[in-house]
Amino acid sequence: MLLEAIGLHTYYGSSHILHGVNFNIRKGEALGLMGRNGMGKTTLIRTMLGFLTPKAGGVLVRGQRMTGGPTHKIARLGIAYVPEGRGIFPNLTVKENLIMAARAGVEGQREWTFERVMATFPRLSERLTNGGGQLSGGEQQMLTIGRALMTNPDLLILDEATEGLAPLIVREIWRVIREIRDSGIATVVVDKNHAAVTAVTDRSMILVKGQVVFDGPSEEVRNNPELIQKHLGV
Ligand SMILES: Nc1ncnc2c1ncn2[C@@H]1O[C@H](COP(=O)(O)OP(=O)(O)OP(=O)(O)O)[C@@H](O)[C@H]1O
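This structure is a prediction, so every number in the text was calculated from the model and none was measured.

**Q** Any chance you could break down the overall build of the protein for me, citing the residues and the numbers?
**A** The secondary structure content of the protein amounts to ten helices and ten strands. The globule rule puts the C-alpha radius of gyration for 234 residues at 17 Å, and the 17 Å found for the protein is close to it. Considered along the principal axes of its C-alpha atoms, the protein spans approximately 45 × 40 × 30 Å. In the protein, which comprises 234 residues, the proportion classed as buried is 51%. Here the protein has roughly 10,500 Å² of accessible surface; of this, 50% comes from carbon and sulfur atoms.

**Q** With reference to specific residues and values, describe the site of the ligand.
**A** Near the ligand you find 13 residues, and of these Gly-38, Gly-40, Lys-41, Thr-42 and Thr-43 are the closest. One of the side-chain nitrogen or oxygen atoms of Thr-43 is found 2.5 Å away from an oxygen atom of the ligand. Out of a free accessible area of 630 Å², the ligand has 59% covered by protein chains. The element that contributes the greatest number of residues to the shell around the ligand is helix H1 (residues 41–48), accounting for three residues. The residue makeup of the shell around the ligand, split by class, is three nonpolar, five polar and five charged.

**Q** Explain the sheet that holds strand E4 (residues 56–61) to me, using residue names and the numbers behind them.
**A** Spatial strand order, E2-E1-E4-E5: four strands in an open sheet with antiparallel pairing. If you trace the sheet from one side to the other, it starts and ends with strand E2 (15–25) and strand E5 (64–65), each paired once. Relative to E5, E4 runs antiparallel, the two being bridged by two bridges. Paired with Leu-60 across the bridge in E5 is Arg-65. Packed on one face of the sheet, H1 meets strand E1 (3–12), E2 and E4 and runs near 115° to E1.

**Q** Summarise the nonpolar core; cite the residues concerned and give the values.
**A** Ranked by internal contacts, the top residues of the largest apolar core, which has 71 residues, are Leu-3, Phe-23, Leu-44, Ile-145, Leu-149, Leu-155 and Leu-156. At seven residues, helix H7 (residues 167–182) tops the list of elements feeding residues into this core. Not counting chain neighbours up to four residues away, the residues in contact with Leu-3 comprise Phe-23, Asn-24, Ile-25, Met-48, Val-59, Leu-60, Val-61, Leu-155 and Ile-157.

**Q** Explain the packing of helix H3 (residues 94–101) against helix H6 (residues 137–150) to me, and be specific about the residues and the numbers.
**A** In contact at an axis separation of 7 Å, H3 and H6 are set at 30° when each is read in the N-to-C sense. Classified by the interaxial angle, the pair formed by H3 and H6 is roughly parallel. For H3 against H6, the interelement crossing comes out right-handed. Between H3, through Val-94, Asn-97, Leu-98, Ile-99, Met-100 and Ala-101, and H6, the contact on the second element is made entirely by Leu-143, Gly-146, Arg-147 and Met-150.

**Q** Explain the side chain of His-231 to me, and be specific about the residues and the numbers.
**A** Within the secondary structure, His-231 is located in helix H10 (residues 225–231). Accessibility expressed as a relative area gives 12% for His-231, which makes it buried. Once you skip the residues sitting within four places of it in the chain, His-231 turns out to touch Gly-35, Arg-36, Ile-206, Val-208 and Val-213.

**Q** Can you lay out H6 for me, pointing to particular residues and giving the numbers?
**A** Look at H6: 20 Å from first C-alpha to last across 14 residues, which is about the 20 Å you get at 1.5 Å a residue. Along H6, 13 of the 14 residues are buried, which leaves the element largely enclosed by surrounding structure.

The rules we used
Residues numbered from 1 in each chain as written. Predicted model: local features only at pLDDT ≥ 70, side-chain atom pairs only at ≥ 80, totals over all residues. Heavy atoms only, no water. Helix = DSSP H or I, 4+ residues; strand = E, 2+ residues; numbered from the N terminus. Rg over C-alpha atoms; globule rule 2.2 N^0.38 Å. Buried < 20%, exposed > 50% of the residue type's maximum accessible area, 1.4 Å probe, protein only. Areas by Shrake-Rupley, 256 points an atom, 1.4 Å probe, with all protein chains shown as cover. Near = heavy atom within 4 Å. Polar contact = N/O pair within 3.5 Å; in protein donor to acceptor, adjacent residues only side chain to side chain. Nonpolar A, V, L, I, M, F, W, Y, C, P; charged D, E, K, R; others polar. Pairing = 2+ DSSP bridges. Contact = heavy atoms within 4.5 Å. Axes fitted to C-alpha atoms, helices over the stretch in contact; angles between N-to-C directions. Core = buried A, V, L, I, M, F, W, Y, C linked by side-chain atoms within 4.5 Å. Parallel < 35°, antiparallel > 145°, perpendicular 65-115°, else oblique. Left-handed = near helix turned anticlockwise from the far one by under 90°. Expected span 1.5 Å × (residues − 1).

Right, here's the structure in full:
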């Protein structure tokens, strides 16, 4: 198992957000994490990455106990995170942003090179000498994903990667997510678009008020309009 959470209870101050959440993902698996606003998706991710320490429950990364972090050690175990909003260096060029992030994966793999990232994001290859801060929102999102890929992760976690972007860019991001999945990197995709999520993932989880109400094949979500209406519908 790449990443596993057992019985997580996470709080912000006195608000109890996660109520005994179990989570797991294995190598190469593509998992959709869904639920309406405020149901705890980001809190779950942030707890598993060590940014938050749960009051009860545990986090295992590659079978090692990593509850509460440290986050940099979890990242070094091959877990890359693309947070909501963006994480780039605005004063560095696109090329510098990418090169700075480069490293071999946990098993020494270097499949995601600068050249491969360029081939995946042709748009970025036209902006190499631009500062990160000069890019459009969509391009910044691509650069954030590109930086994550440069670390040759075994698991990539994408939190609302398409949020607020133009339709054309959104389509391109979904294409890239598919490509990443097909390259064998495990992915956790958090997104409001359940049709798109279930189309690119094998398995889906649905959170309601900090509890897992569904964990099963994405196909089952796709074919169950009632489930969608009840837990995901607007
Ligand atoms: N830093 C914080 N301090 C206090 N409460 C918070 C904090 N961050 C989130 N919350 C609350 O925790 C709950 C879960 O939020 P979370 O961001 O995990 O939900 P989410 O499912 O990711 O939704 P969204 O799609 O809105 O990001 C919400 O009620 C939110 O208001």
